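What the coordinates show
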Amino acid sequence: VQEEKIFAGKVLRLHVCTMEGAEWLEEVPEDTTVEKLKERCLKHCVPGSLEDPKTVTHHKLIHATSEKVLTDTKTVLEENIQDRDVLLLIKKRAPPPLPKMADVSAEEKRKQEQKAPDKDAILKATANLPSRNVDRTVAHHNMRDFQTELRKILVSLIEVAQKLLALNPDAVELFKKANAMLDEDEEDRVDEIALRQLTEMGFPESRAVKALRLNHMSVTQAMEWLIEHADDPTVDAPLPGQTPSEATAEAGASSAEATAGPSSEAGGEEAKDELTEIFKKIRRKREFRPDPRAVIALMEMGFDEKEVVDALRVNNNQQNAACEWLLGDRKPSPEDLDKGIDTNSPLFQAILENPVVQLGLTNPKTLLAFEDMLENPLNSTQWMNDPETGPVMLQISRIFQTLNRT
């Protein structure tokens, strides 16, 4: 018995087919290379074809079941071919012919004709045109967007409204009612029933509060979050953008206001101080609170927490817009949001001279509307449809559009 037959590999019987419909059985050892198998197939179906060495490279074998093109240098075993598998012998497609020089020239000529003119061509074509001096500052001013300028207008009008309302003898009572409306801020309140359900399950109260705020007061989602983050070392850390003492300080301020007795000072000074405190609380309510989920998502991208909070503040808690702001030129800056309009500008003077605006600025609801629109610009539509604040907003819009066209 020959030694090579004793140690020979397993013989595989393979069905080989061609695109012309020819079919036969090839018996090859499993250590045969794909290139050798291809040569045997070509000898069988195309006699005399191996005289041209390129014939082998111009054909390929494909495994029918997996549709995989077999590599010439690998063996049948390495390609994981099994007994009785079907292989397809296919001639490779010829590469597309190169374009003729005439066709290339025509294509290039067509592209040149469609190409936009460069700076030199524009200057040459416009050399005989009369020059005009354009004030780019005015042109830019006329293109301002109303929503962009509205925030600056509101910042300045809030200052004017506070000064006017401070002169109203009934201002304190009016703002006490308005303050009660502000205390009904749903974002700061936690659903007591939902909180009780989670604490009865054994979750710590502070952790349950955090889970509910992160999941918009949904008990089911909060419970899933608590279970998922049970072993997280940062599970009890305060939400991004908040401090642990924030709620305590606010609660203390509220209780102090509730327990404060009558002042021994004159009534006018007492009312003024009380009104000042109410204005402070309104501003405190207006302080930006970033969406915790958006903060976490953006911080996971590698951004610093302060940068993320600034981005969300500039973009009204819109995560995608905040991400674009962080990756872009970061305009406008967070500092620009607190700047008012130039009080000496024709636009601001025209707004203040409007009778409807003047009357509206003496209404506490108008001030609350301005504050709300600064925090939530999407609420502008709601205040535009309000019977008390709508006329004021309509006049501001009309004045802006009128001056913007001049």
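Residues numbered from 1 in each chain as written. Predicted model: local features only at pLDDT ≥ 70, side-chain atom pairs only at ≥ 80, totals over all residues. Heavy atoms only, no water.

1. Describing unusual backbone geometry
- Phi is positive for N80, close to 60°, though the residue is something other than glycine.
- Judged by relative accessible area, which is 55%, N80 ranks as exposed.
- Positive phi is not limited to glycine here, since R330 has a value of about 55°.
- Relative to the helices and strands, R330 resides in the loop between α16 (319–327) and α17 (346–353).
- A residue is classified by how much of its surface remains accessible, and R330, at 27% relative accessible area, is partly exposed. (Buried < 20%, exposed > 50% of the residue type's maximum accessible area, 1.4 Å probe, protein only. Helix = DSSP H or I, 4+ residues; strand = E, 2+ residues; numbered from the N terminus.)

2. Observations regarding helix α19 (residues 364–375)
- Here α19 is 12 residues long and its end C-alpha atoms lie 17 Å apart, about the 16 Å a rise of 1.5 Å per residue gives.
- With 10 of 12 residues buried, α19 lies mostly within the body of the structure.
- For α19, the set of buried residues is P364, T366, L367, L368, A369, F370, E371, D372, M373 and L374.
- For α19, the N-terminal capping position is held by N363, with its side-chain oxygen 3.0 Å away from the main-chain nitrogen of K365. (Expected span 1.5 Å × (residues − 1). Polar contact = N/O pair within 3.5 Å; in protein donor to acceptor, adjacent residues only side chain to side chain.)

3. A short note on the sheet that holds strand β3 (residues 59–63)
- Overall, mixed pairing links the 5 strands, which are arranged β2-β1-β5-β3-β4 in an open sheet. Of all the strands in the sheet, just β2 (23–29) and β4 (68–69) have a single pairing partner and so form its edges.
- Pairing geometry for strand β1 (residues 11–18) and strand β5 (residues 86–91), over 4 bridges, is parallel. Residue pairing in the sheet places V16 in a bridge with L87 of β5.
- Of the strands in this sheet, β1, β2, β3 and β5 are in contact with helix α2 (residues 34–45), which crosses β2 at around 145°. (Pairing = 2+ DSSP bridges. Contact = heavy atoms within 4.5 Å. Axes fitted to C-alpha atoms, helices over the stretch in contact; angles between N-to-C directions.)

4. Topic: the nonpolar core
- In terms of nonpolar packing, the biggest core is built from 25 residues, with I153, L157, L347, I351, F370, M373 and I396 touching the most fellow members.
- Every element with two or more residues in this core is listed here: α7 (146–166), α17, α19 and α21 (390–405).
- With 8 residues, α7 is the largest single contributor of residues to this core.
- When residues no more than four places from it in sequence are discounted, the contact partners of M373 are L154, N379, S380, W383 and M393.
- With 16 residues, the next largest nonpolar core counts V28, L42, V56 and L61 among its residues. (Core = buried A, V, L, I, M, F, W, Y, C linked by side-chain atoms within 4.5 Å.)

5. Examining the packing of helix α9 (residues 192–200) against helix α11 (residues 219–228)
- At a closest axis distance of 10 Å, the pairing of α9 and α11 adopts a crossing angle of 35°. As α9 packs across α11, the resulting crossing turns out to be right-handed. Here α9 contributes A194, Q197 and L198 to the contact with α11, which in turn contributes V219, A222, M223 and L226. (Left-handed = near helix turned anticlockwise from the far one by under 90°.)

6. Observations regarding the pairing of β5
- Relative to β5, β3 runs antiparallel, the two being bridged by 5 bridges. Its bridge partner being in β5, K60 is matched across the sheet by I90.

7. Side note on the environment of Q401
- Structurally, Q401 is set in helix α21.
- Of the residues examined, Q401 reaches a relative accessible area of 31% and is grouped as partly exposed.

8. Section: the packing of helix α15 (residues 305–314) against α16
- Following both chains from N to C, one finds α15 and α16 inclined at 120°, their axes separated by 8 Å at the closest point. Of the possible angle classes, the one that applies to α15 and α16 is oblique. Along this stretch, α15 crosses α16, giving a crossing that reads as right-handed. Facing α15, whose interface residues are E307, V308, D310, A311, L312 and V314, α16 presents Q319, A322, W325 and L326. (Parallel < 35°, antiparallel > 145°, perpendicular 65-115°, else oblique.)

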